[in-house]
Amino acid sequence: MRKSVIAGLAAGVLLALGLGTPVTAVESGKAELFVLHGIPATPVDVWVNGAKALPNFVPGDFAGPLPLAPGAYTFVLTAVGAADISSPVLTVGPVNLAADTSYTAVAHLSDMGTPMVSLFTNDISATPSGKGRLTVRHVAAAPAVDILANGAVAFPGLVNPNEVKADLPVGTYEAKVNLAGTATTAIGPANVNVTSGKNSIVYAWGSAADNNLALYVQTLSTMGAPSGVSAGSAPLPSDGSTTPIALIVVSALALIGAGFATRSAIASRR
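Residues numbered from 1 in each chain as written. Predicted model: local features only at pLDDT ≥ 70, side-chain atom pairs only at ≥ 80, totals over all residues. Heavy atoms only, no water.

Mapped onto the secondary structure, Leu-168 falls in strand S12 (residues 162-169). You can call Leu-168 buried: its relative accessible area is 1%. (Helix = DSSP H or I, 4+ residues; strand = E, 2+ residues; numbered from the N terminus. Buried < 20%, exposed > 50% of the residue type's maximum accessible area, 1.4 Å probe, protein only.)

Listed below in structure tokens is the structure:
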């Protein structure tokens, strides 16, 4: 699957926005934006404040970082090759981007399968010594799940478009997930490693009903400067159920530990 993080495309995106050269850290006084396309079977052109920024952006593509002046931005998705934004597929905004802050905008499906855009703030604050951060973002057309740690429900009813995150001691963790409100185990136990000094941001996108769930992983440093993107996207096997399998493997891990936080990140609310 094509990845938009290659240098040529990233440079083209920045030139389209009049932003200059890609950077690997949040520029002082700038907002930093990444973009993920998570709407299956829908190639689009992405426009930012009326300028075409990402032509022929296909499902699974990821772009950034884009250094932007702080302020209000409107995102418009159109059919590929559209001459302007007069016939949008989706419009979101204006949303305010703050200076010295990292964001990821995700075009995705709601839990009911409706196209939408969510704007997430990336936590790039320092992690405690010996710990790594894991963030899981549910942006798939899939139902709620209960996260179990050591056999007990740690977080009930995780839903699209929420996120969960935790700073965890480096090591391997085991967890499993049930369908929300039931004793039916969807997957698990699952063992996952937590890496020191990194925020691994995992996106579960696609549609469970259409059997095209996929994962995308964005990796940032946790010392205030993004380390670039270390990511991949691939379809996941399906057992025919509507369980968000892509979400299950990693979201369980995010909630094991002493504490965790959740945050909705819908662009229209920012």
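Okay, the pairing of strand S15 (residues 198-207) next. Two faces make up the sheet, and in a regular strand the side chains alternate between them. Within S15, eight of the 10 residues are buried, which leaves it mostly tucked inside the rest of the structure. Counting the residues that bridge the hairpin from S15 to strand S16 (residues 214-221) gives six residues, and of these Asn-211 lies at a positive phi of roughly 55°. (Pairing = 2+ DSSP bridges.)

Bringing the sheet that holds strand S7 (residues 101-109) into the picture now. Paired through backbone hydrogen bonds, the strands of a sheet run either parallel or antiparallel to each other. One open sheet holds the four strands; their spatial order is S4-S1-S7-S8, and the pairing between them is mixed. The two strands at the open ends of the sheet, each matched to only one other strand, are strand S4 (62-68) and strand S8 (115-121). Direction aside, the axes of adjacent strands within the sheet are offset by 20° on average. Inspection of the sheet shows strand S1 (residues 31-38) paired to S7 by eight bridges, in the parallel sense. Residue Leu-36 lies in a different strand from S7, and its bridge partner there is Val-106. (Axes fitted to C-alpha atoms, helices over the stretch in contact; angles between N-to-C directions.)

With antiparallel pairing, the four strands of this open sheet are ordered in space as S3-S2-S5-S6. Two strands close off the open sheet at either side, each with one partner strand: strand S3 (51-57) and strand S6 (88-97). When the angles between neighbouring strand axes are averaged without regard to direction, this sheet yields 15°. As paired strands, strand S5 (residues 71-78) and S6 are joined by seven bridges and run antiparallel to one another. Each residue of the ladder has a partner; that of Ala-72, found in S6, is Asn-96.

Take the packing of aromatic side chains next. Considering all chains together, one arrives at two aromatic pairs under this definition. Both rings, one in Phe-34 and one in Phe-62, keep their centres 5.8 Å apart while their planes meet at 35°; by these two values the pair is tilted. Here Phe-34 is found in strand S1, whereas its partner Phe-62 is found in strand S4, with 28 residues between them in sequence. Side by side, Phe-34 and Phe-62 carry an identical accessibility label, which is buried. Centre to centre, the rings of Phe-62 and Tyr-216 are 5.0 Å apart; their planes meet at 10°, and the pair counts as stacked. Of this pair, Phe-62 sits in strand S4 while Tyr-216 sits in strand S16; the two residues are 154 residues apart in sequence, bridging distant segments of the chain. Look at Phe-62 and you get buried, because its relative accessible area is 0%. (Phe/Tyr/Trp six-rings, centres within 6.5 Å; stacked < 30°, edge-to-face > 60°.)

Keep in mind these values describe shape, not function.
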